[in-house]
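# Examining the three-dimensional arrangement
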Amino acid sequence: MKLIELLKVINLQITLEISGLEETFINKSDIPDEWMKYEVVEILVRDNGIIVKLVKPRKAALEKLGYSFEAGM
């Protein structure tokens, strides 16, 4: 799931964790656009709010998506 999809159901203050660094956002509009494409790996609920752990999206190789260079499909 991407962060942008999760934010459709969360209307609270949210803390995002990327590579061990945490940053808290009061408004969704304050979250950098680049982070919206990051993948959600874990959601934690704590006394002080929701913490969402993110990782950068991986780029998929064409071979893994079923594309064959020999056949052109």
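An account of the accompanying structure is given in this report. (Residues numbered from 1 in each chain as written. Predicted model: local features only at pLDDT ≥ 70, side-chain atom pairs only at ≥ 80, totals over all residues. Heavy atoms only, no water.)

### Concerning the overall build of the protein
Looking only at helices and strands, the protein has 1 helix and 4 strands in total. When the helices and strands of the protein are placed in sequence order, the string is α-β-β-β-β. Within the span of the protein, comprising 73 residues, buried residues form 27% of the whole. With the model as given, the accessible surface of the protein reaches about 5800 Å², and the carbon-plus-sulfur share is 54%. (Helix = DSSP H or I, 4+ residues; strand = E, 2+ residues; numbered from the N terminus. Buried < 20%, exposed > 50% of the residue type's maximum accessible area, 1.4 Å probe, protein only. Areas by Shrake-Rupley, 256 points an atom, 1.4 Å probe, with all protein chains shown as cover.)

### Topic: the packing of aromatic side chains
Summed over all chains, the structure comprises 1 aromatic pair. Ring geometry for Phe-25 versus Trp-35: centroids 5.8 Å apart, planes at 90°, classification edge-to-face. Note that Phe-25 is positioned in strand β2 (residues 21–25) and Trp-35 in the loop between β2 and β3 (39–46), a separation of 10 residues in sequence. Trp-35 matches Phe-25 in its accessibility class, with the two residues each being buried. (Phe/Tyr/Trp six-rings, centres within 6.5 Å; stacked < 30°, edge-to-face > 60°.)

### Digging into the pattern of salt bridges
Tallied over the entire structure, the rule returns 2 salt bridges. Note that Lys-53 and Glu-42 form a salt bridge whose closest N and O atoms lie 3.6 Å from each other. Here Lys-53 is found in strand β4 (residues 49–55), whereas its partner Glu-42 is found in strand β3, with 11 residues between them in sequence. (Salt bridge = Lys/Arg side-chain N within 4 Å of Asp/Glu carboxyl O.)

### Details of the side chain of Thr-15
Relative to the elements of secondary structure, Thr-15 occurs in strand β1 (residues 14–18). A polar side-chain atom of Thr-15 sits 3.0 Å from a polar atom in the side chain of Thr-24. Dropping the residues within four chain positions of it, Thr-15 is found in contact with Glu-22, Glu-23, Thr-24, Ile-50, Ile-51 and Val-52. (Polar contact = N/O pair within 3.5 Å; in protein donor to acceptor, adjacent residues only side chain to side chain. Contact = heavy atoms within 4.5 Å.)

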